[in-house]
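Spelled out from the first residue to the last, the chains are:
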Amino acid sequence: MHLFPSRLAALSLLATLALSTACQRSAYVAKPQLAPVTSQPVSSALPDDATALATIAPYQQRVTDQMAMVLGTAPVAITKNSGESPLANFVADLQRTRASREMGTPIDLGVMTNGGLRAPLPAGPITMGSVFELMPFENELVVLDASGTVVQQFFDYAARVKMAVSGATYTATPDGKATAILINGQLFNPAQDRLYTIAISDYLAGGGDQLTFFKTIKPRDTGVLLRTAIVEQIQELNKQGKPVEARIENRVKF
């Protein structure tokens, strides 16, 4: 009397296992169904979309008008080149001047590498578009407070590429070392217990262009975009009736 339920349960279990094994004899293979190709080549042969053009037109005109706005005038083109560069001198100087105004205190040095400047300022009218070509990045002007040791590292870096520094002169030795460094006319001593203020872009302050020795220093923000500082310096010169000029001044000696 007690065996029947047990045998029935056993038979049910065997049947379930058999069916389960039978269902797993072959793996399920997905058959992807790809949508038909709807893309089309994009070229000048593709007709303009009238609605899109109408939407874009007023914004495009506004940008065109802004980029054509004349800020000042340069008697000759202000260019960059290897070593000391008129363009880098111009930008490094205005960085130092603007940072000093924003911070309310004199700034010792201004730093701009040639790699950070993407186009020369042309001879004749300088437009807003010219400055955007020169400085297409949203870099901010910041100030670093650097020890004498870090400043020496920076000048040795500058000596290897013969780079000028606003607010200083130095001699570059054949083996790429900086000697006879004068900062604002005073002989630099890396062992002196003081900090030197440096006006620089946030990109370079973060170690860009291999200025890795600056990365450990927390920058002080000015809240001014470097491009804005350039624009406003040119506008100020124009307001004073002065041309935009820069030149090589032998800030680096050999």
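Keep in mind that this is a model prediction, so the values were computed, not measured. (Residues numbered from 1 in each chain as written. Predicted model: local features only at pLDDT ≥ 70, side-chain atom pairs only at ≥ 80, totals over all residues. Heavy atoms only, no water.)

## Observations regarding the overall build of the protein chain
Phase 1: Secondary structure assignment for the protein chain yields seven helices and ten strands.
Phase 2: Counting only residues that meet the buried cut, the protein chain has 38% of its 254 residues in that class.
Phase 3: For the protein chain, contacts bridging at least 24 residues in sequence account for 75% of all contacts bridging at least 6.
Phase 4: Split by element, the accessible area of the protein chain, about 15,600 Å² in all, is 58% carbon and sulfur. (Helix = DSSP H or I, 4+ residues; strand = E, 2+ residues; numbered from the N terminus. Buried < 20%, exposed > 50% of the residue type's maximum accessible area, 1.4 Å probe, protein only. Contact = heavy atoms within 4.5 Å. Areas by Shrake-Rupley, 256 points an atom, 1.4 Å probe, with all protein chains shown as cover.)

## Regarding the sheet that holds strand 5 (residues 168-172)
Phase 1: With mixed pairing, four strands are arranged side by side in an open sheet as 7-6-5-10. Both edges of this open sheet fall to strand 7 (186-187) and strand 10 (252-253), since each of them pairs with a single strand only.
Phase 2: Here two bridges tie strand 5 to strand 10, and the two strands are oriented parallel to one another. In the strand pairing of strand 10, Thr171 is matched with Lys253. (Pairing = 2+ DSSP bridges.)

## Focus: helix 7 (residues 226-239)
Phase 1: Taking 1.5 Å of rise per residue, the 14 residues of helix 7 would be expected to cover 20 Å, and the 20 Å separating its terminal C-alpha atoms lies within 8% of that figure.
Phase 2: What helix 7 keeps buried is the set Leu226, Arg227, Ala229, Ile230, Val231, Ile234 and Leu237.
Phase 3: Positive phi shows up at Gly241, right after helix 7, with a value of about 75 degrees. (Expected span 1.5 Å × (residues − 1).)

## Focus on the packing of aromatic side chains
Phase 1: Under the criterion given, the structure shown has seven aromatic pairs.
Phase 2: The interplanar angle of 65 degrees and the centroid separation of 5.4 Å between the aromatic rings of Phe154 and Phe155 together place this pair among those described as edge-to-face. Neither residue differs from the other here; Phe154 and Phe155 are each classed as buried.
Phase 3: One aromatic cluster is present, formed by Phe154, Phe155, Tyr157, Tyr170, Phe188, Tyr196, Phe213 and Phe214 through successive ring pairs.
Phase 4: The ring of Tyr196 has Arg194 sitting right over it, with the charged end atom 3.8 Å from the ring centre.
Phase 5: The ring centre of Phe132 lies 4.1 Å from the NZ or CZ of Arg227, which sits over that ring. (Phe/Tyr/Trp six-rings, centres within 6.5 Å; stacked < 30°, edge-to-face > 60°. Lys NZ or Arg CZ within 6 Å of the ring centre and 35° of its normal.)

## Here's the deal with the packing of helix 3 (residues 86-103) against helix 7
Geometry of a packed helix pair, given as the angle between the helix axes and the separation of the axes.
Phase 1: Interhelical geometry of helix 3 versus helix 7 gives an angle of 95 degrees and a closest axis separation of 10 Å. By the criterion of interaxial angle, the relationship of helix 3 to helix 7 is roughly perpendicular. From helix 3, Phe90, Val91, Leu94, Gln95 and Arg98 reach across to helix 7, where they touch Leu226, Ala229, Ile230, Glu232, Gln233, Ile234 and Leu237.
Phase 2: Residues that form the contact of helix 3 with helix 7 fall into these classes: eight nonpolar, two polar and two charged. (Axes fitted to C-alpha atoms, helices over the stretch in contact; angles between N-to-C directions. Parallel < 35°, antiparallel > 145°, perpendicular 65-115°, else oblique. Nonpolar A, V, L, I, M, F, W, Y, C, P; charged D, E, K, R; others polar.)

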